[in-house]
Amino acid sequence: MATQFNFGMGRKLQAVGITIAVLMGGLAAFSWNRLDQVKQLSAETKSERVPFLQDIADIELNVTRSSLQVRHAMLARNDKELQATLEDIGSKKKHIDEVLERIGKRSTEASEREKFATLKASMASFWTIAGQNVSLITAGQKDAAVDALIDKTIPARNKVLVALADKKKSLSEALDSDLAEIDKQAAQMSMLITAMVAFCATVTLVVAWMTAIGLRRRVAVAQRVAELVRDGDLSTEIKDERSDEFSPLMASMKHMQSQLRQRTESTAAAAAENARVKQALDSCSTNVMIADADSNIIYMNQSVTDMLSQNEMELRKALPGFEVRKIIGQSFDNFHRNPAHQRSLLSNLKNTHKVQIKVANLHFSLIANPIFDEHGLRIGTVVEWKDRTGEVAAEAELSSMVKGAADGDFASRLSTEGKAPSLPPWVDCSMSWLKPSARPLWKCARLQTS
């Protein structure tokens, strides 16, 4: 039984393949010969018959239009309309002459040359009569022109159309003959191909039936192993005592099971470590925000969430629609006036980058550091936020107080009320201790400038 699985399936399939290949090769050779005949006939029809008929139809159309234009010339309301109509008749005559020349070149057989001579003579007669009709129109003899149109021009046109119809009839008969031959060849090829396909299908079904039982058994074994792996059962040992076409698949699945077991254990360890890091970040007092390699925010700890929530209304003045609860998934670009510059800076970040930004009346200090994987590829950015709004306000007040002292105002006082809690305690003091030493200096400065 093992020998059947070792060699039976492969050899049977090889035999079927060789048989079908030989049969299809014979069919292809026969079909190629027939197709070449059909191809030649189709090429002749395409290059000769169809263009011939198109040219005749073209002449019919333009001859009819030319006779109508002669009538329109009689109805012209002014010289401009008359001239335009005569120019159109001349253009159509030129076109008809070109097409007629092509028809003459295609008329190679004696019967075709005879019909072409009749057509050419009828066409020459039509143009002569039409020219006389136009001369009467340009001379202002409209009544005579109408009589000439009815009695001469239209009958001459009809003779041309009769000659064209005779020519078209012979071409149509030849075209019908070609199409009938093509249909005959196609029907023969269709019957042969149908018979060959039926034979090949019968052979294939027999071989398929013979190998179906063995295939189903081996597929069932492979499916059971795949379902165990799918359901997360990586402990069941995969055993395969056979040696057939499915053996490499079973060996690969056994190796996959081992690799998945190792990766699962490694992933579980990494997940536990990541959980500890996340809990630490959630609990720390530093304002931390993390973005991916595309600058999309993927994490905010509670500290930065609280800080931005306290300033949410002020941030909306510069960022309409800003909501802290919607920050996750948004881009860092939303916090910068020049998004392109911001994106370029972060994508090329190699080490620590510090920056001060102002949003509405808020001042923030940002410290950005790139995050790299074990291969040195940047996978994100971590940003530390600090709200410096209070500090900036205190610095401005301190500068104003020093300037006032220089002008003799020693009553100014810097208060920490409403400022950041991290301000040093020395700022909550009076400038009165400067008075004894600063006042004489101020007076001296005033005397020197007076």
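These numbers were taken from a predicted model, which means no experiment stands behind them.

J.: I would appreciate a short explanation of the overall build of the chain in the present structure.
T.: Summing up its helical and strand segments, the chain has 10 helices and five strands in all. Within the span of the chain, comprising 450 residues, buried residues form 32% of the whole. Across the chain, the fraction of contacts at a sequence separation of at least 24, relative to all contacts at a separation of at least 6, is 59%.

J.: Explain the packing of helix H3 (residues 110–138) against helix H4 (residues 142–230) to me, please; I cannot follow it from the model alone.
T.: How two helices pack is summed up by the angle between their axes together with the distance between the axes. Following both chains from N to C, one finds H3 and H4 inclined at 160°, their axes separated by 9 Å at the closest point. Classed by the angle they form, the pair H3 and H4 counts as roughly antiparallel. As for how H3 packs across H4, the hand of that crossing is left-handed. For the contact of H3 with H4, the residue count by class is 15 nonpolar, four polar and seven charged.

J.: What is the right way to look at the sheet that holds strand E4 (residues 362–372) in this model?
T.: One key point about sheets: their strands pair by backbone hydrogen bonds, in either a parallel or an antiparallel sense. On the basis of which strands lie adjacent, the open sheet formed by five strands has the order E2-E1-E5-E4-E3 and antiparallel pairing. Of all the strands in the sheet, the pair left with one neighbour each is strand E2 (297–300) and strand E3 (353–359). If you compare each strand with its neighbour and ignore which way they point, the axes differ by 25° on average. Bridge analysis of E4 against strand E5 (residues 378–387) gives nine bridges, and the strand direction is antiparallel. For Phe372, the partnering residue across the bridge sits in E5 and is Arg378.

J.: In this structure, what is going on with the side chain of Thr381? I would like to understand it.
T.: As for its placement among the helices and strands, Thr381 is situated in strand E5. Among the residues examined, Thr381 registers a relative accessible area of 2% and is labelled buried. Those residues in contact with Thr381 that lie beyond four places of it in its chain are Met289, Ile290, Ala291, Asp292, Leu346, Leu349, Ala368, Asn369 and Ile371.

J.: Explain unusual backbone geometry to me, please; I cannot follow it from the model alone.
T.: As a rule of thumb, non-glycine residues mostly have phi less than zero, and peptide bonds are mostly trans rather than cis. With a phi angle near 70°, Ser295 is a residue other than glycine that sits in the positive phi range. In this fold, Ser295 is placed in the loop between strand E1 (287–292) and E2.

J.: When you look at the nonpolar core in this model, what are you seeing that I'm missing?
T.: Soluble globular proteins: nonpolar side chains tend toward being buried together. Counting residues in each nonpolar core, the largest one holds 32 residues, and the members touching the most others are Ile59, Met123 and Phe126. If you list the elements that add at least two residues to this core, you get helix H1 (2–74), helix H2 (79–106), H3 and H4. Looking at this core, the element that brings in the most residues is H3, giving nine residues. Aside from chain neighbours lying at most four places away, what touches Ile59 is Ile96, Val99, Leu100, Ile103, Met123 and Leu164.

J.: For this particular structure, what's the right way to read the environment of Ala28?
T.: Along the chain, Ala28 turns up in helix H1. Its relative accessible area of 43% is what places Ala28 among the partly exposed residues. Residues Ala28 and Ile193 lie 165 residues apart in sequence; the distance between their C-alpha atoms is 9.5 Å.

J.: Got a minute to help me understand the pattern of salt bridges in this structure?
T.: When the charged atoms of two side chains with opposite charge come close together, those side chains can pair. Across all of its chains, the model carries 12 salt bridges by this definition. As a salt-bridge pair, Asp97 and Lys93 come within 3.1 Å of each other at their nearest N and O atoms. Linking Asp97 with Lys93, this pair stays in helix H2, spanning four residues, or about one helical turn. With relative accessibility at 33%, the residue Lys93 sits in the partly exposed group. The partner of Asp282 in a salt bridge is Lys278, and the shortest N-O contact between them spans 3.0 Å.

J.: Just to check I follow, could you spell out a nonpolar patch on the surface for this structure?
T.: A contiguous nonpolar surface patch, about 360 Å² in accessible area, is contributed by Val206, Trp209 and Met210. Tracing the backbone through its elements, the reader meets Val206 in helix H4. When its relative accessible area of 45% is taken as the criterion, Val206 is described as partly exposed.

J.: Before we go on, may I ask you to explain the packing of aromatic side chains in this structure?
T.: A ring pair, where both rings are aromatic, is described by two values, the distance of the centres and the angle of the planes. Following the criterion strictly, the structure yields two aromatic pairs and no others. Both rings, one in Phe364 and one in Trp385, keep their centres 5.4 Å apart while their planes meet at 75°; by these two values the pair is edge-to-face. Of the two residues, Phe364 is situated in strand E4 and Trp385 in strand E5; the sequence distance between them amounts to 21 residues. Against the face of Trp127 rests Lys93, its NZ or CZ located 5.6 Å from the ring centre.

J.: What is the right way to look at the pairing of E1 in this model?
T.: Within a regular strand, the side chains alternate between the two sheet faces. Taken across its six residues, E1 has five buried, putting it largely inside the fold. Judged from the three bridges that link them, E1 and E2 form a sheet pairing that is antiparallel. Across the sheet, the residue bridging to Ile290 is Tyr299, located in E2.

J.: Where do I start with the packing of H4 against helix H5 (residues 247–283) in this structure?
T.: In the contact formed by H4 and H5, the axes pass within 11 Å of each other and the chain directions differ by 10°. By the criterion of interaxial angle, the relationship of H4 to H5 is roughly parallel. Here H4 contributes Arg218, Val221, Ala222, Val225, Ala226 and Val229 to the contact with H5, which in turn contributes Ser247, Leu249, Met250, Met253, Met256 and Leu260. Across the contact of H4 with H5, the residue classes tally to 10 nonpolar, one polar and one charged.

What counts as what
Residues numbered from 1 in each chain as written. Predicted model: local features only at pLDDT ≥ 70, side-chain atom pairs only at ≥ 80, totals over all residues. Heavy atoms only, no water. Helix = DSSP H or I, 4+ residues; strand = E, 2+ residues; numbered from the N terminus. Buried < 20%, exposed > 50% of the residue type's maximum accessible area, 1.4 Å probe, protein only. Contact = heavy atoms within 4.5 Å. Axes fitted to C-alpha atoms, helices over the stretch in contact; angles between N-to-C directions. Parallel < 35°, antiparallel > 145°, perpendicular 65-115°, else oblique. Left-handed = near helix turned anticlockwise from the far one by under 90°. Nonpolar A, V, L, I, M, F, W, Y, C, P; charged D, E, K, R; others polar. Pairing = 2+ DSSP bridges. Core = buried A, V, L, I, M, F, W, Y, C linked by side-chain atoms within 4.5 Å. Salt bridge = Lys/Arg side-chain N within 4 Å of Asp/Glu carboxyl O. Patch = residues over 30% accessible without salt bridge, like charges linked within 9 Å, V, L, I, M, F, W, Y side chains within 5 Å. Areas by Shrake-Rupley, 256 points an atom, 1.4 Å probe, with all protein chains shown as cover. Phe/Tyr/Trp six-rings, centres within 6.5 Å; stacked < 30°, edge-to-face > 60°. Lys NZ or Arg CZ within 6 Å of the ring centre and 35° of its normal.

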